[in-house]
Structure formats: structure tokens, C-alpha cells
Amino acid sequence: MTISFRGGVHPNDCKGYSAGKAIETAPVPAKVIIPTRQHIGAPCSPVVKVGDLVKKGQVIAETQAFVSSPIHASISGKVVEIADYPHPVFGTCMAIVIESDGNDEWVEGLPLQRDWKAIEPADLKEMIRQAGTVGMGGATFPTHVKMSPPPEKKIHTFILNAAECEPYLTADHRVLLEMPETVVAGCLITMKVLGVAKGVIGIEENKPDAIEVLRKATAGTGIEVVPLKTKYPQGAEKTLIRVITGQEVPSGGLPMDVGVVVQNVGTVVAISNAVEKGIPLIERVTTVTGGAVAEPKNLRLRIGTTFGQAIELCGGFKETPVKIIMGGPMMGMAQRTMDVPIIKGTSGILCLTAAEADIGPERPCIRCGRCVEACPMGLIPSMLSILGERNEFQVAKEEYDLLDCVECGSCVYTCPAKRNIVHYVKLCKAQNAAMAAKK
Amino acid sequence: MSAESKLEIGTLAVSTSPHIRCDESIAKIMWTVNAVLVPAALFSIYQFGLPALRTLVICIAVSMATEYFIQKWQDKPITINDGSAFLTGLLLAMNIPATIPWYIPVVGSIAAIGIAKHTMGGLGYNIFNPALIGRAFLLASWPIAMTTWPTPAGWASKVDAVTAATPLGILKLQGYDALVKFFGDKSDMYLSLFIGTRGGSAGETSAVLLLLGGLYLIYRGYINWQIPVCMIGTVGIITWAFGGNGGLFTGDPLLNILSGGLILGAFFMATDMVTIPITIKGQIIFAVGAGALTSLIRLIGGYPEGVCYAILLMNCVTPLIDRLVRPVKFGARR
């Protein structure tokens, strides 16, 4: 029997578009646009100038701040421009544009061969930092920071988040199927850095093939593969921890408060590459999908490839899309142009047709209570939306637990009045932050 | 292939996540509730004849027209197609005597939509169930007409059709034994009540048809089973305990459950999502309270029936219940 959590919704998973498609490695793009900010934390500053020749894997932007992550060239070639470019998360951001020389040459010394078992945890962590590893599920929190809990927080369990609960996305699923050894190695390295003996892989039961493959790959390692009920948001960090360990991350707390660290599938692959081969995070597997895409695929793409280039590799559009989203349909961000680049957190490029993206007109809340039942955080989402609508931002924060909302979107999905609850939640959060900043 | 691939895009829509919605809508919920009430409404026509049809048409038409004109006047989007005004009219018609003079349901529908719904801000903002406000308004304005029940023999023309008194009215004025004698024997009484061959408001009589409709709504997830179960259960227990002449637990719970407007109220009006608490725990409190008030009015109040006022009174405390009963926040346990 699989285990579950309170609340949640069951959207049609739409994974059939791309679940059966093996990962294809995209050809080296002629040009890449690499933003200097691809993570939560301090932005990086360029360390190259226009006209410089760079090699694949060379650091091109970095900063001394702890909560940050360096950025590397994803192709070899010439820096032709450093300027503001559209960014999938931040709107616009300074980016380094590199034109390929066609050689796709590694920076000297890469790739190399290292045995992680012989390396000290602190050195492993430094390798992970230097490789620019960040959380690749979309949040892009620097991985080395997540692996550095304060000493009073004793970590006892590492969880690999292989739930991939967002509809449409299949990148993690394919990675699990095609490179289970790398995934398991990444998990073991992470466990060594954290100093924990218990490792768990949580995976939704709609991926039985991956469960089987992982069970074989983890045999003898002590890592347990736990099938999870297929329900959104199974892969949200807090619900995942609740389901696997039975513990609830306290309100306002972090997973480390209950002794748990969670990493995404793409992230552990990047960790393994960083440690075993010395390869920095310059490419990732991304699902290009949606009803508008001619031939949905799982692509291994260089960071800095534009959405347009990736979609072209999938045969372009068979129907005009009305929405292009970075990430999945539940928490992804709608884009205004196809010129945004793939960044470290781009798990999917979703192109929705008019029919798929039809969200209907927003109506008044009829208090049906579906959002309350769907909320995995035990909030009253309808009230948050009403308070947001009436500019009662402080009431939302103080009386209706605004800050506990994880913006999973379950409430909006299930709402018969089609209320944009997450929109109001984000508005309330931003307004409260602005008020706090003013004081 | 890629050379000829299409990359044209129109204007891209940008909005907050999530980007997909389930296929439920307000209109779908409202029209489903309307649909499951149709059998009981048709039964009222079968029972009470053309006057019942006339009352239904008046209530629905005037409700929708009132909503249309108010929205037109206020320059708001016209939403009469979403089925909610239709539902208010339908429920009002089912809650009043079928043969009532035509102008009374006209006034009632205007009161329900105009006063109870739109002075509060329209759909979603009303504190009280509009149909019940309409009914209460009429009961206060025309107490005689509102309690003059037709003989349920319109097209049924049964020789032994019951006369123009409701079972609860007989129970109140003449006592339990008189009521049983009125129907013949006990099992005849239960059968009559269950099928609906009895006096009463137009659409409240047929317990079986209302139950079937209510069960379908539960199956579809449009109403929570806890509400009708708790409300009906509370009435059953209280009338069983205190409703008899021979001391504690000599009352007839089944009679009390099947008569009056309890089934209609518990399945279709105590479940009106706009006017009841939003959490299931709150809804249970609401339902038990409505059941207790119904029993109180029936047993010691001046009226034979109390479902309407009981639900309206509980509507008053819904905001209070919602303040006090909250879901347990994630991470707050222990």
C-alpha cells in the first residue's frame, strides 16, 4: 500500500506525450544566452569580457556570497555580448552571450575521473559548490547551502524527490530510467556529505518502470525506494517529508528542522557529475511538451539555449500556443517570449493550446470548500483570495496564515469559480514584504 | 524537418500559476442540483396538478427576471445562465403550497433574489439562503395562504387521498394517534410519507425522490454527506427522545424524519454552500444545530414545522463557526 498526505488534487497527468521518449542530446547551439542569475541568492558578476574566448565548463560569472552559485560557459566560443536579456524567472537579467566556435572544447583538465569514496565530505561539498550545482526542480536553491545545516540541526535522513508530481513533465522519469547508476551515486555522495545513513527515494507509483529500475540500482546500498500515491503535490518538499518520515516541517521552518534534506533528481545527477567527472552544471534534461508542440521530447540541452531553439528541435508547433510555461502547469511560470534561455531550473517547457490553457472567467467565491479540502497546508485558500481582492494584506498574513502557503495551486485547480487564489496569495506576500521593507 | 517547423506564436498569455483547471464550474454545479430536483418537482405536478406547474414557472421566471434586471441596472455581468437564480426559484416553489394565489410567489421570488441575494452583493455574498428568505418573507406576509395546503389529488385522484392538512399539522393539533388513524395504520403512514402522497408544500412531499437526488449530489461530491446525515440524525434522535407522550424515547423518529420539509431542507438547503461553514467540521456543527432547532420548533414552538427557520438561524452563526472552526495547519500539530 502506498502512503499519502492530507489534501491534494488529481489532475490528468498528461505525461503520455513524452514519457516514452528516450532522452535526446541536442546538437550544440550556435549561440547561448547565459543569465548571471540562475539561483536563489546573490547574483553573480561576469568574470569575462566581450571578445574573450571561453571553453566549455569555464567559470564566466561568480560572486563571493555564500548563498550563491557560480556560472559556467556551456559551449566553447567567443563572448559577443554582455547585456540585459529576457529571463524566465526575473523578467530581465544581465546575460553573457557566447557564440559557438563549433569545436565544443572542454576547459583544460575536464572531464576527469575521481572516486568519491576517497574524498572527504568537506571537499565533496566544495566540488559541488564550484560546479555551480543548484536545486534543479525549479527552486534553484544553491545545493551546497542546503548541504550545510547549522551544527545544532542534526540531519538523519536524505530524501531523493523523484515524485515528479507536476503533470506533463517527464524529464526526471527518463533520467531515472536511463541513468539510474548516476542517480544512485549522486544520492550516496549527498549522504556522505550530510553524514547520514538513511536514504530514501520517494517516487509516484505512476512510474512503475522507474521504481523497478531504481530497486535494482539501489540493491545493496541501503537506500530505500518508496512508492508514493499519485497525487499532486506529492513532490512538494513538505508533503514529501510528511509522507516518508511522518514528520511535519514546523510552520515557518525548513526541512532541516526535522532532520531531513531533500534533493531533486536532476540535482543528484549534477552532484555525481561534479564529483566524479568534475563537470560543472552546463546542461540539463528538460521536457519540451504540451498540446501545441509537434513532437514532444525529453532533451538534454545546454544552459543558455533559448526556448525557441528547443521547441524547434521538437518540430515546432502543430498548433499555435497561447501559453508558454517554464516548468509544469501547476507551478510553472508563464513566459512572454520564446527568447528566454533555459536555465538551471528549467525542468520543462510547456506549450499549451487554447483548449488546454482555457481557465474560464473568474467568478465570486461560492464558499464550496473544495479549496479547503485540497489545501495540503491546512489553510483556507478562499479567504486568502478574498482578502487579497480587498487589499486586506495584513489580515491575510496575521489571521489566515498567508506565509504558510506553498503556492502549489491545488486550490485554484479545484475551484469551480476559477478563482486565481495563487495570484492573490503572491500579491498579499509581496505587499506584506513591501510593508515590512518600509518600516 | 526543423527548417520547415512552425515557430509562429500569437500573443502569449501571461498569468499566475496554475495554468490548468479542473472541469467543474459554478454553472455545472447549479444545473446539476436543478436537474436532481426535477423528479420531485414533477411529482408535485403529478400530485397537485396544474397549479403546481404554474407556481414553479412563476417562481423560476420571476427569480431569473429579477436577477437579470438587477444586474442590468447595476451594470454587472448578467449571470442568469449559471443556474443559481433558477435554483432559488425552483427551491422556493417547492417550499410553498402549490395552489397559492399567483401574486404571492411573485413577491416571494423578488424578495429572495432582490433582498436576500443582491442586496448582499449577489452570488457568493449572501448570508442567508435566498429561497428560505423568500419563504419566510411570505409566511410573515400571508400566514393563512402559506399554510393552506391543497389536497394531493390533482391528477392522482385517489379515493383515499389525504385532505388538506399536513402530517405535522395534524401531529401538532390532534396528536400522534389521530395522525396514524388518519393514514389508516402505521405502515400505511410511513409508505405515504416515503412516496409522498400527503399534504404539504409542493416539492417537499416525496422523500424517496428527494433522497435519490441528494444521494446523487453526494456521489458527485457536490454536497458533503455529513450535513444531511447530521441534520436528519439530530431531528431523529431529539424527536425520538422528547417527541412522545409516554416519556423519554417514545417519540416516532421515522415520522418526524419523513414529514415536513426535513429531507428537502437537509439535502438541498442546509447544503447551500454559500451560506454554510466552509470546513466539514463547521458544517457538522451547522447541521446538528439546524437539526436541534428544527426539533425545538416542532416540539415546543408555535409552528408545526421549523426547518426553514432552523436553517436561517444557523445561517446567522455561519461566520462565527467559520471563525472558530479552522482546519489544522500543516506543521502546527503535536
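Just so you know, these numbers come straight off a predicted model, no measurement behind them. (Residues numbered from 1 in each chain as written. Chains lettered and ligands numbered in written order. Predicted model: local features only at pLDDT ≥ 70, side-chain atom pairs only at ≥ 80, totals over all residues.)

A. Highlighting the sheet that holds strand β2 (residues 31-35) of chain A. Residue and element names in this part refer to chain A. Spatially, β2-β8-β7-β4 is the arrangement adopted by the four strands of the open sheet, whose pairing is antiparallel. A single partner strand is all that each edge strand has here, and the edge strands are β2 and β4 (53-54). Taken together, the ten bridges between strand β7 (residues 77-87) and strand β8 (residues 91-100) define a ladder with antiparallel strand orientation. Residue pairing in the sheet places P86 in a bridge with T92 of β8. (Pairing = 2+ DSSP bridges. Helix = DSSP H or I, 4+ residues; strand = E, 2+ residues; numbered from the N terminus.)

B. View of the sheet that holds strand β6 (residues 71-72) of chain A. Residues and elements named next belong to chain A. Ordered in space as β3-β5-β6, the three strands form an open sheet in which the pairing is antiparallel. Each end of this open sheet is capped by a strand with a single partner; those strands are β3 (45-46) and β6. Across two bridges, β3 lies against strand β5 (residues 59-62) in antiparallel orientation. Residue P46 lies in a different strand from β5, and its bridge partner there is A61.

C. Spotlight on the packing of helix α3 (residues 84-94) of chain B against helix α4 (residues 103-118) of chain B. Residues and elements named next belong to chain B. The geometry of α3 relative to α4 is characterised by a closest axis approach of 10 Å and an angle of 135 degrees between their N-to-C directions. As summarised for this structure, α3 and α4 are arranged oblique, according to the angle between their axes. For the element pair α3 and α4, the recorded crossing hand is right-handed. Residue-level contacts link A85, T88, G89, L92 and A93 of α3 to P105, G108, S109, A112 and I113 of α4. When its residues are assigned to classes, the contact of α3 with α4 shows six nonpolar, four polar and no charged. (Axes fitted to C-alpha atoms, helices over the stretch in contact; angles between N-to-C directions. Parallel < 35°, antiparallel > 145°, perpendicular 65-115°, else oblique. Left-handed = near helix turned anticlockwise from the far one by under 90°. Contact = placed C-beta atoms within 7 Å. Nonpolar A, V, L, I, M, F, W, Y, C, P; charged D, E, K, R; others polar.)

D. Up close: unusual backbone geometry. Residues and elements named next belong to chain A. Cis geometry is found at the peptide bond from L110 to P111, where omega equals -15 degrees. Note that P111 resides in the loop between β8 and α1 (121-130). Cis geometry marks the peptide bond from Y232 to P233, where omega comes out at -5 degrees. Mapped onto the secondary structure, P233 falls in the loop between β11 (223-228) and α6 (237-245). Of note in the backbone geometry, N391 takes a positive phi value of approximately 60 degrees without being a glycine. Residue position: N391 is located in the loop between α10 (381-389) and α11 (393-399).

E. Fine view of α3(B). Counting buried residues along α3(B), eleven of its eleven residues qualify, which places the element largely inside the surrounding structure. The set of residues buried in α3(B) consists of B:S84, B:A85, B:F86, B:L87, B:T88, B:G89, B:L90, B:L91, B:L92, B:A93 and B:M94. (Buried ≥ 20, exposed ≤ 12 C-beta atoms within 10 Å, placed from the backbone.)

F. Region of interest: the domain arrangement of chain A. Residue and element names in this part refer to chain A. As assigned here, chain A comprises domain 1 (29-100), domain 2 (115-277), domain 3 (283-352) and domain 4 (370-438). Inter-centroid distance (C-alpha atoms) of domain 1 to domain 2 is 27 Å. With eleven residues of domain 1 at the interface, the matching set in domain 2 holds nine residues. Partitioned by chemical class, the residues of the side of domain 1 that touches domain 2 number five nonpolar, six polar and no charged. (Domains from an automatic or database assignment.)

G. Quick peek at the pairing of β11(A). The pairing of strand β10 (residues 198-204) of chain A with β11(A) spans six bridges and is classified as parallel. Along β11(A), the bridge assignment pairs A:V200 with A:E224.

H. Looking closely at the nonpolar core. Counting 230 residues, the largest nonpolar core has A:L384, B:L90 and B:I311 as its most contacted members. Of all the elements, helix α1 (residues 26-48) of chain B adds the most residues to this core, at eleven residues. Among residues more than four places away in sequence, those in contact with B:L90 are B:N34, B:L37, B:A41, B:L56, B:C59 and B:I60. (Core = buried A, V, L, I, M, F, W, Y, C linked by C-beta atoms within 7 Å.)

I. The arrangement of the environment of A:R390 in detail. Residue and element names in this part refer to chain A. Mapped onto the elements, R390 comes out in the loop between α10 and α11. R390 sits in the exposed class, given 11 other C-beta atoms within 10 Å. The spatial distance from the C-alpha of R390 to the C-alpha of T218 is 52 Å, given a sequence separation of 172 residues.

J. Local environment of helix α3 (residues 171-178) of chain A. α3(A) sits mainly inside the fold: six of its eight residues count as buried. Among the residues of α3(A), those classed as buried are A:A171, A:D172, A:H173, A:R174, A:V175 and A:L176.

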